Amino acid sequence: MPEAAPRFAGQTAIVTGGGAGIGFAVARAFAREGANVAIAGRRKATLVHSAALIEEMGGEVLVVPADVAIAADCARIVASAVERFGAADILVNNAAHFALVPLLDADAEVAARFLSVNVAGPLLCARAFAAEAIASGRRGRIVNVGSIAGARPAPGCGLYSASKAALEMLTRSMALEWGPAGIRVNAVAPGHVATEGVLADFQAGRLDEAKLLASIPARRIADVDDIADAVLFLCSDAARHVLGQSLTVDGGEGF
Ligand SMILES: NC(=O)c1ccc[n+]([C@@H]2O[C@H](COP(=O)([O-])OP(=O)(O)OC[C@H]3O[C@@H](n4cnc5c(N)ncnc54)[C@H](OP(=O)(O)O)[C@@H]3O)[C@@H](O)[C@H]2O)c1
């Protein structure tokens, strides 16, 4: 029997924050399944290193040094991918700012940082992507990376949770406004994922691993590929009639 063509052959996927953590896993998974990928982030050296790892698997990778808190950078991320690959089919808004900030310490500058990176950035990248897709008559898919924190408060997470709750509502609003133009917008909401940040929190005692595991019915912490698989599903034809949804990937942690 002939082998099935890779799911994303010939397509182009843009992944913000694609140089590390979940974003790198998402970019690598798209490349493995035949897509060209554009990865954006602030640190060029990290992007170049990650691009080389993806290219070893045969994928074509464009590196776009950019800060999604800067409006012009958001437009440039999309324009660069279109210029290099001829079109953009998929956008994964993954880059985010995270820090534990008790609300009494959350001044205007701190609040602006969370909102510009986690809300305005994804909006401006999505807007540039949608405008380009509509102008060129192409169907598109957007996945916004939220968090189970967007649906429940936790100490020190007030601004992060508020930003992810806003992103979830933006996801539904984008789906409503752009769905008729053939752009499917959805979100994933991970629980804790074994990324560098979470592993450092275990090491430093900021997070109790045993207690966390006991609170997860699946009794394991997600790995980055658990999230990448969900993102690719939402971008695939298998999810062709799924719009404006947030897919929780947390082993039951958020119950
Ligand atoms: N890890 C978890 O447990 C967890 C749980 C729930 C949800 N999430 C969500 O999953 C996503 C990825 O998280 P992660 O843990 O994989 O993060 P990470 O390891 O810290 O990676 C974040 C990536 O985003 C980039 N980035 C950060 N700020 C940026 C900016 N202003 N402009 C452009 N790129 C930026 C970083 O690169 P530079 O520093 O070079 O810019 C980095 O490559 C985020 O949306 C996060 O909120 C994570």
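None of these values were measured; they are calculated from a predicted model. (Residues numbered from 1 in each chain as written. Predicted model: local features only at pLDDT ≥ 70, side-chain atom pairs only at ≥ 80, totals over all residues. Heavy atoms only, no water.)

Draft legend 1. Quick peek at the UniProt feature "domain: Ketoreductase" (unreviewed entry) in the protein chain. UniProt records the feature "domain: Ketoreductase" (unreviewed entry) at residues 11-191, using the numbering of this structure. Summarising residues 11-191: 49% helix, 19% strand, and an end-to-end C-alpha distance of 29 Å. (UniProt positions renumbered as here; feature names shortened; annotations may be inferred. Helix = DSSP H or I, 4+ residues; strand = E, 2+ residues; numbered from the N terminus.)

Draft legend 2. Focus on the site of the ligand. Neighbouring the ligand are 27 residues; I22, R42, R43, N94 and Y160 lie closest to it. Within the side chain of Y160, an N or O atom sits 2.5 Å from an oxygen atom of the ligand. Isolated, the ligand exposes 880 Å² of accessible area, and the fraction of that covered by the protein chains is 86%. Elements supplying a minimum of two residues to the shell around the ligand: α1 (21-32), α4 (108-135) and α5 (158-178). Counted by class, the shell around the ligand contains twelve nonpolar, ten polar and five charged residues. (Near = heavy atom within 4 Å. Polar contact = N/O pair within 3.5 Å; in protein donor to acceptor, adjacent residues only side chain to side chain. Areas by Shrake-Rupley, 256 points an atom, 1.4 Å probe, with all protein chains shown as cover. Nonpolar A, V, L, I, M, F, W, Y, C, P; charged D, E, K, R; others polar.)

Draft legend 3. Up close: unusual backbone geometry. Notably, R219 is not glycine yet its phi reads approximately 55°, a positive angle. The class of R219 is exposed, set by a relative accessible area of 52%. (Buried < 20%, exposed > 50% of the residue type's maximum accessible area, 1.4 Å probe, protein only.)

Draft legend 4. Broad picture of the sheet that holds strand β1 (residues 12-16). An order of β3-β2-β1-β4-β5-β6-β7 is seen for the seven strands of this open sheet, with the pairing classed as parallel. Looking at strand neighbours, the two that pair on one side only are β3 (61-65) and β7 (246-249), the edges of this open sheet. Mean inter-strand twist for the sheet, computed between neighbouring axes without regard to direction, equals 15°. Strand direction decides the pairing type here: β1 and strand β2 (residues 36-41), joined by five bridges, are parallel. Opposite T12, over in β2, you have N36 as the bridge partner. Along the sheet face, helix α8 (residues 224-235) touches β4 (90-93), β5 (140-145), β6 (183-190) and β7 and points at about 160° away from the line of β6. (Pairing = 2+ DSSP bridges. Axes fitted to C-alpha atoms, helices over the stretch in contact; angles between N-to-C directions. Contact = heavy atoms within 4.5 Å.)

Draft legend 5. A look at the packing of α4 against α5. Between α4 and α5, the least distance of the axes is 9 Å, while the angle of their chain directions is 20°. With respect to their mutual orientation, α4 and α5 come out roughly parallel. In this structure, the crossing between α4 and α5 has a hand that is right-handed. Contacts between α4 and α5 involve V110, A111, F114, L115, N118, V119, P122, L123, A126, R127 and A130 from the first element and L159, Y160, S163, A166, L167, L170, M174 and W178 from the second. When grouped by side-chain class, the residues that make up the contact of α4 with α5 number 16 nonpolar, two polar and one charged. (Parallel < 35°, antiparallel > 145°, perpendicular 65-115°, else oblique. Left-handed = near helix turned anticlockwise from the far one by under 90°.)

Draft legend 6. Just the packing of aromatic side chains, in detail. Using the criterion set out here, one finds two aromatic pairs in the structure. When the centroid spacing of 5.0 Å and the interplanar angle of 80° are considered together, the rings of F8 and F30 count as edge-to-face. In this pair, F8 is assigned in the segment before β1 and F30 in helix α1, connecting sequence segments 22 residues apart. For the residue pair F8 and F30, the accessibility class agrees, reading buried in each case. (Phe/Tyr/Trp six-rings, centres within 6.5 Å; stacked < 30°, edge-to-face > 60°.)

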